[in-house]
Amino acid sequence: MNRRDDILLVDGYNVIGAWPVLEKLKEYALEEARDKLLDMLADYQGFTGMQVYVVFDAHQVPGLGATYRHHKLMIVYTKEKETADECIERLCSELFVRRRNIYVATSDLVEQHVAFGKGALRVSARELLIDINQNRKNIEQSLREDKPGKRNSVDGIVSLEVRSKLEKLRRGEK
């Protein structure tokens with residue numbers, strides 16, 4: 001589906017509402033649903049090499065908007081009176097470069113068509129979840145396979161705690 005220099009733009013709240021596990025979680029803990037989405041996308045970004053932007057609507061909240069990094073993801077809160085859809089359209093235009101694909105993950109059909117018109121490729125929230133789950137299975141499978149010469153020989157002697165710390169470093173966490 002992608003190359004390492006491709007970009008994935010995710011409509012954060014749309015995806016949370018479309019993925020059953022996050023939809024249930026957001027009913028009583030929206031912040032936890034956001035964090036779980038970001039963790040899943042960080043793993044996906046780490047495996048695929050794509051640059052992932054997650055856009056959250058903040059159009060009902062006064063302010064200038066904000067962009068920051070989290071797990072090497074680019075997190076964007078929209079500006080006052082700007083919707084996530086408008087922000088994604090703007091990012092499609094700003095990030096467009098030949099030989100790089102931009103994917104927009106949303107289940108909003110209007111947004112999918114607008115993104116397609118800007119040269120981006122459409123990915124439904126459901127398709128993204130399927131791809132993330134498949135990548136997770138591929139990672140688990142490769143970890144289970146014990147191929148001589150293919151695995152890091154240190155892996156078997158490093159404790160789970162050390163491996164966890166190394167994984168956090170890989171993700172850019174402190």
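The rules behind these values
- Residues numbered from 1 in each chain as written.
- Predicted model: local features only at pLDDT ≥ 70, side-chain atom pairs only at ≥ 80, totals over all residues.
- Heavy atoms only, no water.
- Helix = DSSP H or I, 4+ residues; strand = E, 2+ residues; numbered from the N terminus.
- Buried < 20%, exposed > 50% of the residue type's maximum accessible area, 1.4 Å probe, protein only.
- pLDDT = per-residue confidence, 0-100.
- Salt bridge = Lys/Arg side-chain N within 4 Å of Asp/Glu carboxyl O.
- Expected span 1.5 Å × (residues − 1).
- Phe/Tyr/Trp six-rings, centres within 6.5 Å; stacked < 30°, edge-to-face > 60°.
- Patch = residues over 30% accessible without salt bridge, like charges linked within 9 Å, V, L, I, M, F, W, Y side chains within 5 Å.
- Areas by Shrake-Rupley, 256 points an atom, 1.4 Å probe, with all protein chains shown as cover.

**Let's talk about the overall build of the protein chain**
Right, so step 1: A count of helical and extended segments in the protein chain gives 7 helices and 6 strands.
Right, so step 2: Starting at the N terminus and walking to the C terminus, you meet the elements of the protein chain as β-α-α-α-β-β-β-α-β-α-β-α-α.
Right, so step 3: Within the protein chain, buried positions represent 34% of all 174 residues.

**Topic: the confidence of the model for the protein chain**
Right, so step 1: Per-residue confidence for the protein chain gives a mean pLDDT of 81, with 81% of residues at or over 70.
Right, so step 2: Mean pLDDT values for the elements of the protein chain range from 68 in strand β3 (residues 66-70) up to 94 in strand β1 (residues 7-11).

**Digging into the pattern of salt bridges**
Right, so step 1: Under the criterion given, the structure shown has 6 salt bridges.
Right, so step 2: Close ionic contact of Asp43 with Arg171 constitutes a salt bridge, the shortest N to O distance being 2.1 Å. Pair noted here: Asp43 is in helix α3 (residues 30-48) and Arg171 is in helix α7 (residues 160-171), with a separation of 128 residues, a long-range link.
Right, so step 3: Here Asp43 falls in the partly exposed class, since its relative accessible area comes to 26%.

**Description of the environment of Asn138**
Right, so step 1: Take Asn138: it is sitting in helix α6 (residues 125-144).
Right, so step 2: Residue Asn138 is classed as partly exposed on the basis of its relative accessible area of 35%.
Right, so step 3: When the C-alpha atoms of Asn138 and Phe47 are compared, they prove to be 9.7 Å apart, with 91 residues separating the residues in sequence.

**Some words on α3**
Right, so step 1: The end-to-end C-alpha distance of α3 is 27 Å, a good match for the 27 Å that 19 residues give at a rise of 1.5 Å each.
Right, so step 2: All of the buried residues in α3 are Ala33, Arg34, Leu37, Leu38, Met40, Leu41, Ala42, Tyr44, Gln45 and Thr48.
Right, so step 3: Backbone geometry just after α3 places Gly49 at a positive phi near 85°.

**As for the packing of aromatic side chains**
Right, so step 1: All chains considered together, the criterion is met by 2 aromatic pairs.
Right, so step 2: Where Phe56 meets Tyr77, the ring centres are 5.3 Å apart and the plane angle is 25°; that geometry is what we call stacked. Residue Phe56 is located in strand β2 (residues 51-56), and its partner Tyr77 is located in strand β4 (residues 73-77); the two are separated by 21 residues in the primary sequence.
Right, so step 3: On the basis of relative accessible area, Tyr77 is assigned to the partly exposed category, the value being 22%.
Right, so step 4: Among the aromatic side chains, those forming a connected cluster through ring pairs are Tyr13, Phe56 and Tyr77.

**Section: a nonpolar patch on the surface**
Right, so step 1: A surface patch of nonpolar side chains, about 260 Å² in accessible area, is lined by Phe47, Ile139 and Leu143.
Right, so step 2: Assignment of secondary structure puts Leu143 in helix α6.
Right, so step 3: Overall, Leu143 belongs to the exposed group, its relative accessible area being 54%.

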